[in-house]
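Here are the chains, one letter per residue:
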There are 2 protein chains.
Amino acid sequence: MPAYRAPVEDTLFVLNDVLKYERYNNLPGFADASPDIVEAVLREAGRMAEEVFFPLNQSGDQEGCIRNEDGSVTTPKGFREAFEQYKEAGWMGLAFDPNYGGQGLPYTLHSAIGEYFSSANMAFAMYPGLTQGAMAAILVHGDDEQKATYLPKMVEGTWTGTMNLTEPHCGTDLGLLRTKAVPQGDGSYRISGQKIFISAGEHDMSENIIHLVLARIEGAPEGTKGISLFIVPKFVLDADGSPGTRNGVVCGSIEEKMGIHANSTCVMNYDDATGYLIGEENKGLKAMFTMMNEARLGVGLQGLSISEVAYQNAVAYAKDRIQGRALTGPAAPDRKADPIIVHPDVRRNLMTIRAFNEAGRAFLLWAALKSDVAHRSEDASDRELSEEMMGLLTPVIKGVLTDKGFEHAVMAQQVFGGHGYIEEHGMSQYVRDARIAMIYEGANGIQALDLVGRKLPMNGGRAIQAFFKEVGDFCEDNRADENMSFFTKHLKKGLNDLQAATMWFVQNAMAKPDNAGAGSHDYMHLFGLVTLGYMWALQAKTAQEKLADGAGDRAQFLEAKLTTARYFMERIMPETGAHLARISAGADSMMALAEEAF
Amino acid sequence: MPAYRAPVEDTLFVLNDVLKYERYNNLPGFADASPDIVEAVLREAGRMAEEVFFPLNQSGDQEGCIRNEDGSVTTPKGFREAFEQYKEAGWMGLAFDPNYGGQGLPYTLHSAIGEYFSSANMAFAMYPGLTQGAMAAILVHGDDEQKATYLPKMVEGTWTGTMNLTEPHCGTDLGLLRTKAVPQGDGSYRISGQKIFISAGEHDMSENIIHLVLARIEGAPEGTKGISLFIVPKFVLDADGSPGTRNGVVCGSIEEKMGIHANSTCVMNYDDATGYLIGEENKGLKAMFTMMNEARLGVGLQGLSISEVAYQNAVAYAKDRIQGRALTGPAAPDRKADPIIVHPDVRRNLMTIRAFNEAGRAFLLWAALKSDVAHRSEDASDRELSEEMMGLLTPVIKGVLTDKGFEHAVMAQQVFGGHGYIEEHGMSQYVRDARIAMIYEGANGIQALDLVGRKLPMNGGRAIQAFFKEVGDFCEDNRADENMSFFTKHLKKGLNDLQAATMWFVQNAMAKPDNAGAGSHDYMHLFGLVTLGYMWALQAKTAQEKLADGAGDRAQFLEAKLTTARYFMERIMPETGAHLARISAGADSMMALAEEAF
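These lines cover the structure that appears in this document, whether it is placed above or below. Along every chain, residues carry numbers that run from 1 in the direction the sequence is written. As they are written, the chains are lettered A onward and the ligands numbered 1 onward, keeping that order. The predicted origin of the model limits local features to residues at a pLDDT of at least 70 and limits the giving and counting of side-chain atom pairs to 80 or more, whereas totals for whole chains, interfaces and linings rest on all residues. Hydrogens are left out, water is left out, and the side-chain values use all remaining heavy atoms of the structure.

### Description of the relation of the copies chain A and chain B
Point 1. Alignment of copies: least-squares fit on C-alpha atoms of residues with pLDDT of at least 70 in both copies. Each copy of the sequence occupies a distinct position, and chain A is placed on chain B by a rotation of 180 degrees and an axial shift of 0.0 Å, giving an RMSD of 0.0 Å. Interpreted geometrically, this transformation is the action of a two-fold axis. Relative to the rotation axis, the C-alpha of Ala578 of chain A is the closest in chain A, positioned 3.4 Å from it.
Point 2. Here a residue-residue contact requires only that any non-hydrogen atoms of the pair lie within 4.5 Å. By residue overlap, the copies meet face to face through one surface: 100% of the interface positions of chain A are interface positions in chain B.

### Points about the interface of chain A and chain B
Point 1. In this complex, chain A contributes 90 residues to the contact, which on the side of chain B involves 91 residues.
Point 2. By buried area we mean the combined loss of accessible area, with a 1.4 Å probe, across both parts when two parts are placed together. With both chains or domains summed, chain A and chain B bury close to 8,000 Å², and 60% of this area falls on carbon and sulfur atoms.
Point 3. Considering only the side of chain A, the residues that lose the most area to chain B are Tyr421, Arg571 and Phe598 of chain A, jointly responsible for 12% of the buried surface there.
Point 4. Definition used for salt bridges: Asp or Glu carboxyl oxygen within 4 Å of a side-chain nitrogen of Lys or Arg. Where chain A touches chain B, the interface holds six salt bridges.
Point 5. Residue Glu222 of chain A pairs with Lys336 of chain B through a salt bridge whose shortest N-O separation is 3.7 Å.
Point 6. Two N or O atoms form a polar contact when they lie within 3.5 Å of each other; inside protein one atom must be a possible hydrogen donor and the other a possible acceptor, and for residues adjacent in sequence the pair counts only when both atoms belong to side chains. Applying the counting rule to chain A against chain B returns 48 residue pairs in polar contact (both at pLDDT 80 or more).
Point 7. Segments assigned H or I by DSSP are reported as helices when at least four residues long, segments assigned E as strands when at least two residues long, and all are numbered from the N terminus. Here the side of chain A that touches chain B takes eight residues from helix H17 (residues 555-572) of chain A, the largest share from any one element.
Point 8. Only Asp, Glu, Lys and Arg are considered charged in this grouping, and only Ala, Val, Leu, Ile, Met, Phe, Trp, Tyr, Cys and Pro are considered nonpolar; every other residue, Gly among them, is considered polar. For the side of chain A that touches chain B, the class distribution of residues is 42 nonpolar, 23 polar and 25 charged.

### Re the packing of helix H16 (residues 513-548) of chain A against helix H9 (residues 344-376) of chain B
Point 1. The axes are straight lines fitted to the C-alpha atoms, using for helices just the contacting stretch, and the angles between their N-to-C directions are given from 0 to 180°. Where H16 of chain A meets H9 of chain B, the closest approach of the two axes is 8 Å, and the angle between their N-to-C directions is 55 degrees. Our classification of the angle between H16 of chain A and H9 of chain B gives oblique. Handedness of the H16 of chain A/H9 of chain B crossing: right-handed. Counting all contacts with H16 of chain A, which are made through Asp514, Gly517, Ala518, Ser520 and His521 of chain A, the residues of H9 of chain B involved are Pro344, Asp345 and Arg348 of chain B.
Point 2. When the residues that make up the contact of H16 of chain A with H9 of chain B are grouped by side-chain class, the tally is two nonpolar, three polar and three charged. Working definition: roughly parallel below 35 degrees, roughly antiparallel above 145 degrees, roughly perpendicular at 65 to 115 degrees, and oblique for all remaining angles. Should the near helix be turned anticlockwise from the far one by less than a right angle, the crossing is left-handed, and should it be turned clockwise, the crossing is right-handed.

### Some words on the side chain of Asn349 of chain A
Point 1. Mapped onto the elements of the fold, Asn349 of chain A is located in helix H9 (residues 344-376).
Point 2. Once residues lying within four places of it in the same chain are set aside, the contact partners of Asn349 of chain A are Met411 and Val415 of chain A.

### Regarding the pairing of strand S4 (residues 180-183) of chain B
All names here are of chain B.
Point 1. The pairing of S4 with strand S5 (residues 188-199) spans four bridges and is classified as antiparallel. Each residue of the ladder has a partner; that of Val182, found in S5, is Arg190.
Point 2. Two strands qualify as a pair provided that DSSP identifies no fewer than 2 bridges between them. Linking two consecutive strands that pair antiparallel, namely S4 and S5, is a turn of four residues; a positive phi of about 80 degrees is found at Gly185 within it.
Point 3. Here S4 runs beside strand S6 (residues 208-217); their pairing, made up of two bridges, is parallel. For Lys180, the partnering residue across the bridge sits in S6 and is Arg216.

### Concerning the packing of helix H1 (residues 8-18) of chain A against helix H2 (residues 35-53) of chain A
All names here are of chain A.
Point 1. At a minimum axis distance of 10 Å, the contact between H1 and H2 shows a crossing angle of 150 degrees. The orientation of H1 relative to H2 falls into the category roughly antiparallel. As H1 runs across H2, the sense of the crossing is right-handed. Listed contacts from H2 to Val8, Glu9, Thr11, Leu12 and Leu15 of H1 are Val38, Glu39, Leu42 and Arg43.
Point 2. Partitioning the contact of H1 with H2 into residue classes produces five nonpolar, one polar and three charged.

All quantities given are derived from atomic positions and should not be read as evidence of function.
In structure tokens form, the structure reads like this:
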């Protein structure tokens with residue numbers, strides 16, 4: 001049967017030892033996050049993930065959500081009760097503004113526990129996840145009254161939220177959207193149109209659902225410059241602020257999809273629904289994008305989450321299943337066969353996933369820490385540089401961690417052989433669930449284009465130069481250390497390839513933008529490899545320092561870090577060369593075929 | 001809505017122009033396969049795939065197979081009728097021995113149309129596919145009476161067949177199997193045990209099902225040396241050879257699985273079922289393996305098939321869906337947005353799949369032709385060398401084409417964005433169906449080990465040396481040709497990497513077999529890249545010759561070949577370097593972690 005254990009030790013290693021997270025205790029909220037508080041929060045979140053959310057994962061997939069004839073949606077058995085526990089524990093507002101009932105703890109901590117929740121039950125974790133996205137939008141763009149009206153109930157989890165962007169004919173290109181908003185003269189609007197793929201659009205776990213909806217005000221300009229953002233509550237609030245009249249928004253159907261069956265993906269029909277403008281008229285797209293970074297970090301985290309839970313199950317199976325003998329002779333001579341973990345190719349799958357997960361976790365927390373600095377530092381230039389760096393890293397996190405997360409779910413499934421293909425062991429579900437993260441919140445091709453086309457050239461390339469300098473300095477500072485030279489050698493080779501690719505764009509993509517588009521996917525993955533490699537080099541250095549200090553019962557953990565770091569450098573880092581070669585090939589052969597030749 | 005068109009033009013190009021298949025008309029059956037016959041067969045098979053099998057693909061996935069209370073299984077609506085048409089067209093015996101009602105046409109032709117059938121409906125095509133596997137086993141290992149008794153009805157399709165290997169505790173390691181056979185003194189045996197994952201194990205499309213079952217005769221040695229092969233018919237035959245008494249074999253349940261829902265994957269319970277030994281006692285595993293090559297080619301073909309149908313649908317969507325503008329400026333200024341095929345990253349997906357499909361098709365037909373020579377040539381050394389080369393190529397075809405076929409189904413799904421994740425467009429089904437081909441008929445890790453551990457060193461490496469010589473000679477013969485030097489340069493680089501990897505094994509894996517296991521997966525893919533690259537170089541040469549002759553209305557087709565060949569060389573071939581680097585890293589970091597450190 002599937003199992004899951006939250007990797008609290010590893011999270012603590014990254015936070016305390018690698019990132020030295022206590023250094024930030026001058027930031028608001030960080031002083032409250034002392035090491036013992038952090039550990040207690042991680043352990044309690046881990047426990048709830050393991051004991052409450054995970055047991056509903058497979059049954060949730062099998063049952064799915066049901067749309068009833070009246071348009072209401074019933075979530076799988078146990079989901080309501082689990083959500084009650086989630087609310088009561090206060091997870092929803094863990095890192096949220098204390099003015100609205102949040103606890104104001106670091107976003108980094110929120111991310112750390114978010115991993116556990118998505119590992120345990122991705123479809124479940126999406127309900128609060130979407131709510132947090134909506135909360136962020138209201139916090140940043142809402143006026144004081146809107147914030148006071150909606151946020152406290154959402155922070156409690158009494159009300160949940162959604163994001164409504166996509167329409168049947170437009171997803172990526174929101175300039176095409178048609179949903180209409182007609183002003184009513186009283187400050188409100190009537191919203192009409194159809195939205196699709198709305199996660200958590202309708203369900204039975206909250207008293208109200210606060211939809212954030214992109215629509216075009218009558219007479220607004222065409223394209224992206226005529227889009228505004230609206231709050232459309234499922235129940236319009238009474239004068240006393242409690243849910244009153246049922247609004248003109250209804251779930252028309254639930255999509256049948258490949259995975260995340262326990263999350264209701266709704267077609268939402270808006271028919272003269274009452275909505276309230278949030279932020280400025282015609283600036284809706286911008287409002288939506290300002291909170292995209294965190295939402296995209298959250299999706300990148302789903303990639304890691306599924307990779308982790310799939311890995312854990314593959315390890316358990318590989319230790320348990322006996323089949324064949326080790327190439328070097330029987331490892332368990334008293335049994336009829338050896339556990340399959342003795343076979344190199346099974347190890348290859350496990351080590352590849354492990355090397356990704358542990359670096360991916362560090363990468364996410366490293367970026368989340370930058371997000372905290374960007375939002376909480378008192379130093380304006382710190383804020384600005386962290387914001388820029390976050391912006392640069394975001395498409396890499398979203399694109400690379402979800403591509404790899406899916407790939408690793410497939411690898412973990414492969415360890416099970418035929419038993420991975422049947423639903424019983426849960427491996428198929430991980431693959432089916434992980435697949436969506438490559439698509440939503442901006443398909444990964446869009447992430448790559450955002451990276452190469454927008455983030456790279458931003459402010460004359462200041463962020464990417466800062467990244468090059470940080471990694472380059474690390475290599476330079478550590479290459480004379482004989483324990484580190486192996487790692488810095490491989491990392492430097494990857495960094496050189498990334499710098500060469502960047503230079504290639506500078507020289508070849510200005511005059512011919514297709515050259516940037518053609519190399520964007522490879523560039524994103526090349527960037528990802530260098531970042532993950534950097535995370536491994538940092539972890540290797542930390543592990544060596546701790547081992548030198550006398551590690552006690554952490555010795556095996558730390559030695560495993562060094563082995564896994566070595567595996568990453570030898571086996572995964574060499575891919576940078578192929579990415580550079582592809583980027584340097586340019587767009588010609590990719591774009592040459594006439595449309596009708598396909 | 002999903003669509004499919006059999007790529008008959010491309011099959012003809014490969015057979016007639018690249019492989020010059022008429023050269024083989026001295027082989028039995030080939031003289032009957034004149035170019036016009038071949039074209040007529042391909043067109044009729046293509047028509048049936050498009051019009052009869054494909055329309056049942058999505059509905060078959062949705063309905064699945066149903067096991068009734070009496071153990072019988074109902075296939076999805078339309079499957080019985082479609083199977084009748086398949087039978088009537090004579091596809092089952094197309095390449096089979098005419099002594100038993102087959103048409104004796106080349107296996108190459110059988111493979112060519114097999115691609116169409118699996119593209120159109122993989123789950124459906126598995127029913128006859130398994131039957132053909134059983135037919136091959138009976139033909140090679142059965143005695144005259146067994147052949148006369150079973151084959152004619154199977155060739156007609158009146159009876160179907162299955163292969164029963166896997167048990168709950170053993171798949172790869174068949175030495176562990178427990179199913180028992182007790183001799184009855186009359187030449188028959190009583191078979192008892194449980195087999196799982198039995199494709200087409202029970203269904204409603206044939207009058208009898210002929211199970212080929214691996215079991216251990218009472219008192220036989222332990223391990224693989226005590227396994228025998230048995231024929232166990234669902235209905236024991238009467239004296240007149242017609243299905244009589246219901247045998248003691250029943251479908252206990254149908255597996256719930258990720259895909260191929262329309263194929264019944266059965267748990268088969270044998271309870272004193274009457275069985276007949278086929279081939280020699282205790283030589284069952286060997287008997288099973290002699291027909292593995294063709295079965296594995298058939299699975300490799302499934303990888304190509306799904307990649308092709310997924311590609312076609314992604315192309316159609318990319319031409320139809322409008323979203324955003326080309327980086328180089330509006331391509332369709334009269335519309336609100338451009339079709340997404342203008343975007344480089346969409347092209348990257350399409351071109352990558354296309355470059356694989358067209359080379360994969362050539363690879364399969366090239367190998368199938370070797371199979372024909374191996375089975376039909378009058379020259380013993382021709383037969384032997386072709387058999388060896390087939391043996392060497394088989395794990396590459398199975399492992400690489402199914403890994404890539406799945407990867408490409410995922411890429412094609414990505415082109416659809418969110419619409420690819422919902423079941424409506426059929427893209428999820430291609431991904432779910434393609435996944436199994438990486439697992440069954442020997443999981444791809446086993447293919448890699450078979451390649452490196454058995455096939456490579458066979459006869460002192462004679463087959464691999466012959467392969468190196470063929471590809472190396474091609475590069476040498478064509479490098480002075482200025483139209484070919486681009487292709488030979490890239491191909492030679494790949495070949496050099498493959499030769500270096502082979503040498504690395506020679507030097508490092510003899511004393512330390514884990515080094516072979518650790519590099520086997522990469523070696524298999526490196527080999528695959530070189531073979532596919534060779535197929536592209538051959539196609540490029542052919543296309544240039546035809547263009548020089550004046551191609552008429554094939555000019556666009558031939559020009560597209562050159563562009564796609566170029567894409568393959570620039571964008572896909574560079575991966576060989578990363579494979580070589582990983583292989584050369586050896587097993588150390590992969591095997592270092594203690595089991596409990598995972």
